[in-house]
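Listed below are the residues making up each chain.
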Amino acid sequence: QVQLVESGGGLVQAGGSLRLSCAASGRSFSGYAMGWFRQAPGKEREFVAAISWGATTYYADSVKGRFAISRDKAKSTVYLQMNSLKPEDTAVYYCAAAITIATMRGGSSNYWGQGTQVTVSS
């Protein structure tokens, strides 16, 4: 059974930082792209960041320069370091794993986590 388990969400003041983690299990994720999406209340889910198997990274314009994605292939884990957080970053953040980076950048994925809440207070 494939599982993507997120951790690290919480409440932080504007300007603060959080680090999200996502541990993948249940199959080999060799070759997979991994990434993060988010969904704010009343809004559609949106792409945040992704990292290819070859470690190429992609970011939404809204988070460029503030967020950094990384992965530990040996642990099948992906991280999202979020700095200079803004109230508009408040959302449920979902971990994702996709066979191709194009799938993820297109807004979809093969596997999803359950989500972790990030709340940024002003």
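The structure we're discussing is the one just above.
Residue indices begin from 1 for each chain and proceed along its sequence in written order. pLDDT decides what is reported in this predicted model: residues at 70 or higher carry local features, side-chain atom pairs at 80 or more are listed and counted, and totals for whole chains, interfaces and linings draw on all residues regardless. Hydrogens and water are ignored here; the side-chain numbers use all heavy atoms of the structure.

Draft legend 1. Layout of the sheet that holds strand 8 (residues 77-82). Ordered in space as 1-3-8-7, the four strands form an open sheet in which the pairing is antiparallel. Pairing within the sheet leaves two strands with one partner each, and these edge strands are strand 1 (3-7) and strand 7 (67-72). Taken over all neighbouring pairs, the strand axes of this sheet differ in orientation by 15° on average, direction set aside. Following DSSP output, two strands are said to pair if at least two bridges run between them. Helix and strand assignments follow DSSP, with helices taken as H or I runs no shorter than four residues and strands as E runs no shorter than two, numbered in order from the N terminus. Bridge count for strand 7 against strand 8 is six bridges, and the pairing is antiparallel. Across the sheet, the residue bridging to alanine 68 is glutamine 81, located in strand 8. Each axis is a line fitted through C-alpha atoms, and for a helix only the stretch in contact is used; angles between axes span 0 to 180 degrees, taken between their N-to-C directions.

Draft legend 2. Here's a closer look at the nonpolar core. Grouping buried Ala, Val, Leu, Ile, Met, Phe, Trp, Tyr and Cys residues that are joined through side-chain atoms within 4.5 Å yields what is termed a nonpolar core. Exposure is judged per residue with a 1.4 Å probe applied to protein chains only, and the accessible area is read against the type maximum: over 50% gives exposed, under 20% gives buried, and values in between give partly exposed. One finds Trp36, Leu80, Met82 and Tyr93 to be the most contacted residues of the largest nonpolar core, which totals 34 residues. For this core, the secondary structure elements donating two or more residues are strand 3 (18-25), strand 4 (33-39), strand 5 (46-51), strand 7, strand 8, strand 9 (91-98) and strand 11 (116-121). In terms of residue count, strand 9 provides more of this core than any other element does, six residues in total. Contact between two residues is taken to exist if any of their heavy atoms lie within 4.5 Å; hydrogens are not considered. Among all residues touching leucine 80, those that are not within four sequence positions of it are Leu18, Arg19, Leu20, Trp36, Val48, Ala49, Phe67, Ala68, Ile69 and Tyr93.

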